[in-house]
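Here is what each chain is made of, one letter per residue.
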Amino acid sequence: MESELKDLNSKPAKTSQKPDPTHDDGSTKDDRPLLKSDSSSADTNIQGLEKKFAAYVRNDVYGTMGRGKLPLEEKLLLGISLATLLPLRIVLGMTVIVIYYLICRVCTLFLAPNREDEQEDYAHMGGWRRAVIVRSGRFLSRVMLFLVGFYWIAETHRDSADTQENSKTEGTNQSEEQERPGAIVSNHVSYLDILYHMSSSFPSFVAKRSVAKIPLVGLISKCLGCVYVQRESKSSDFKGVAGVVTERVCEAHQNKSAPMMMLFPEGTTTNGDFLLPFKTGAFLAGAPVVPVILRYPYERFSPAWDSISGVRHVVFLLCQFVNHMEVTRLPVYYPSQQEKDDPKLYANNVRRLMASEGNLILSDIGLAEKRTYHAALNGLFCQS
């Protein structure tokens with residue numbers, strides 16, 4: 001393992017350690033003060049929470065949960081946007097969705113979806129139908145990003161010496177390095193990530209099973225070839241979904257006509273400055289992956305969907321005149337034999353590489369801590 005990471009260690013990623021849940025005297029920390037209702041105590045408690053759950057903290061003008069006190073200038077800009085930009089963008093956005101839904105409906109006429117492994121999708125159709133769905137999907141996804149203020153996207157294709165050296169140490173020859181990757185792995189900052197990846201490579205995603213039943217969006221997700229999961233389920237179906245994802249990754253690796261899987265191995269969104277521990281689902285197949293790093297620079301409102309409600313986030317996002325996105329695409333990561341045999345090692349090495357190349361801070365908290373943070377913030381705001 002030391003030999004696998006020797007190059008990555010030469011460019012170490014920043015780390016964020018999980019805070020000690022005890023006081024200096026060894027006593028157990030009491031979280032009950034979080035429920036105090038006076039403003040000074042609330043401010044103190046929020047500061048403590050932000051230190052503990054730094055990966056989910058909002059640092060923009062709109063403040064914690066988007067409920068901060070706005071300066072007068074921001075209030076005026078927000079008011080103008082609510083009366084002009086918001087309704088215009090909603091109408092145009094819904095028009096784009098309806099247009100793409102109709103395209104998908106026409107292309108899937110008289111076709112039965114694939115229903116293997118309790119899934120349902122149209123991703124494996126061929127010919128002109130698939131070509132129309134992919135090309136129009138990529139174009140209209142970029143149109144959607146344009147409509148919400150992403151007028152240009154800065155993309156960087158980085159040449160990573162770490163990845164190249166890793167291939168050399170394993171004796172990978174030139175023909176092996178041309179193998180098609182089976183998955184794209186990306187940090188997860190916002191639901192906007194999905195629109196970008198649709199516009200860039202139109203891959204298949206993992207989505208909640210309920211997405212398949214949403215009007216308009218349900219059919220679009222089936223044309224994308226989404227793998228549906230019941231996230232709260234711990235039954236045998238959960239293992240079945242992992243198997244479906246692994247099969248899809250293998251299929252994409254071996255078959256150029258199969259859609260690649262797009263996976264967010266963190267499992268939840270952050271504020272964009274941190275990288276959470278990776279789940280191993282994208283790496284179980286042992287196939288090469290394409291690491292992609294997304295950043296959302298901002299001046300007023302952060303597009304990161306971290307500790308703010310969905311409706312509030314969409315409204316504020318649509319009220320921004322301009323939004324920014326930066327994309328760093330790393331070379332295909334070819335795993336060593338040791339990494340193929342150990343998916344956890346594979347996941348950790350890719351994570352360290354992405355953190356190093358993207359200047360992201362490694363954090364060891366996850367979805368459970370995010371829920372704890374949200375619950376504590378909701379409790380504070382309810383008591384204030």
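Whatever comes next refers back to the structure up there.
This text gives an overview of the structure that appears in the document. (Residues numbered from 1 in each chain as written. Predicted model: local features only at pLDDT ≥ 70, side-chain atom pairs only at ≥ 80, totals over all residues. Heavy atoms only, no water.)

## A closer look at the pattern of salt bridges
Now for step 1: Scanning the entire structure with this criterion turns up seven salt bridges.
Now for step 2: A salt bridge links Arg 248 to Asp 121; its shortest N-O distance comes to 3.0 Å. Of this pair, Arg 248 sits in helix α10 (residues 236-254) while Asp 121 sits in the loop between α4 (85-107) and α5 (127-147); the two residues are 127 residues apart in sequence, bridging distant segments of the chain.
Now for step 3: Classification of Asp 121 as buried rests on a relative accessible area of 2%.
Now for step 4: Among the charged side chains, a network of salt bridges with common partners joins Arg 58, Asp 60 and Asp 306. (Salt bridge = Lys/Arg side-chain N within 4 Å of Asp/Glu carboxyl O. Helix = DSSP H or I, 4+ residues; strand = E, 2+ residues; numbered from the N terminus. Buried < 20%, exposed > 50% of the residue type's maximum accessible area, 1.4 Å probe, protein only.)

## Regarding α4
Now for step 1: Compared with an ideal rise of 1.5 Å per residue, which puts 23 residues at 33 Å, α4 spans 33 Å between its outermost C-alpha atoms and is within 8% of the ideal.
Now for step 2: Within the span of α4, buried status applies to Leu 85, Leu 86, Arg 89, Gly 93, Val 96, Tyr 100, Tyr 101, Cys 104 and Cys 107.
Now for step 3: In the core, the buried residues of α4 are packed alongside α3 (72-83), α5, α9 (217-224) and α11 (310-318). (Expected span 1.5 Å × (residues − 1). Contact = heavy atoms within 4.5 Å.)

## Side note on the packing of α5 against helix α8 (residues 192-200)
Now for step 1: Contact geometry of α5 with α8 gives a least axis separation of 7 Å together with a crossing angle of 140°. By the criterion of interaxial angle, the relationship of α5 to α8 is oblique. The crossing of α5 and α8 is left-handed. Packed against α5, whose contacting residues are Arg 138, Ser 141, Arg 142, Met 144 and Leu 145, the element α8 presents Leu 192, Leu 195, Tyr 196, Met 198, Ser 199 and Ser 200 at the interface. (Axes fitted to C-alpha atoms, helices over the stretch in contact; angles between N-to-C directions. Parallel < 35°, antiparallel > 145°, perpendicular 65-115°, else oblique. Left-handed = near helix turned anticlockwise from the far one by under 90°.)

## As for unusual backbone geometry
Now for step 1: Despite not being glycine, Met 65 shows a phi value in the positive range, around 60°.
Now for step 2: Considering the arrangement of structural elements, one finds Met 65 in the loop between α2 (39-52) and α3.
Now for step 3: When its relative accessible area of 8% is taken as the criterion, Met 65 is described as buried.
Now for step 4: Here Asn 359, not a glycine, exhibits a phi torsion of approximately 55°, which is positive.
Now for step 5: Take Asn 359: it is sitting in the loop between α13 (343-358) and β10 (361-363).

## Some thoughts on the sheet that holds strand β8 (residues 289-295)
Now for step 1: Read across the open sheet, the seven strands follow the order β2-β9-β8-β3-β6-β4-β5; overall the sheet is mixed. The sheet is open, and its two borders are formed by β2 (153-157) and β5 (227-229), each paired with just one other strand. The sheet shows a mean angle of 25° between the axes of neighbouring strands, direction not considered.
Now for step 2: Bridge count between β8 and strand β9 (residues 325-329): four bridges; the pairing is antiparallel. Within the sheet, the bridge partner assigned to Ile 293 lies in β9 and is Thr 328.
Now for step 3: Against the sheet, α13 touches β3 (183-186) and β8, its axis set at about 40° to β8. (Pairing = 2+ DSSP bridges.)

## Some words on α9
Now for step 1: Most of α9 is tucked away: seven of the eight residues are buried.
Now for step 2: Where α9 is concerned, the buried positions are Gly 218, Leu 219, Ile 220, Ser 221, Lys 222, Cys 223 and Leu 224.
Now for step 3: Residues of α9 that are buried in the fold lie against α4, α5, α8, β4 (204-208) and β5.
Now for step 4: Remark: Gly 225 follows α9 within two positions and exhibits a positive phi of approximately 85°.

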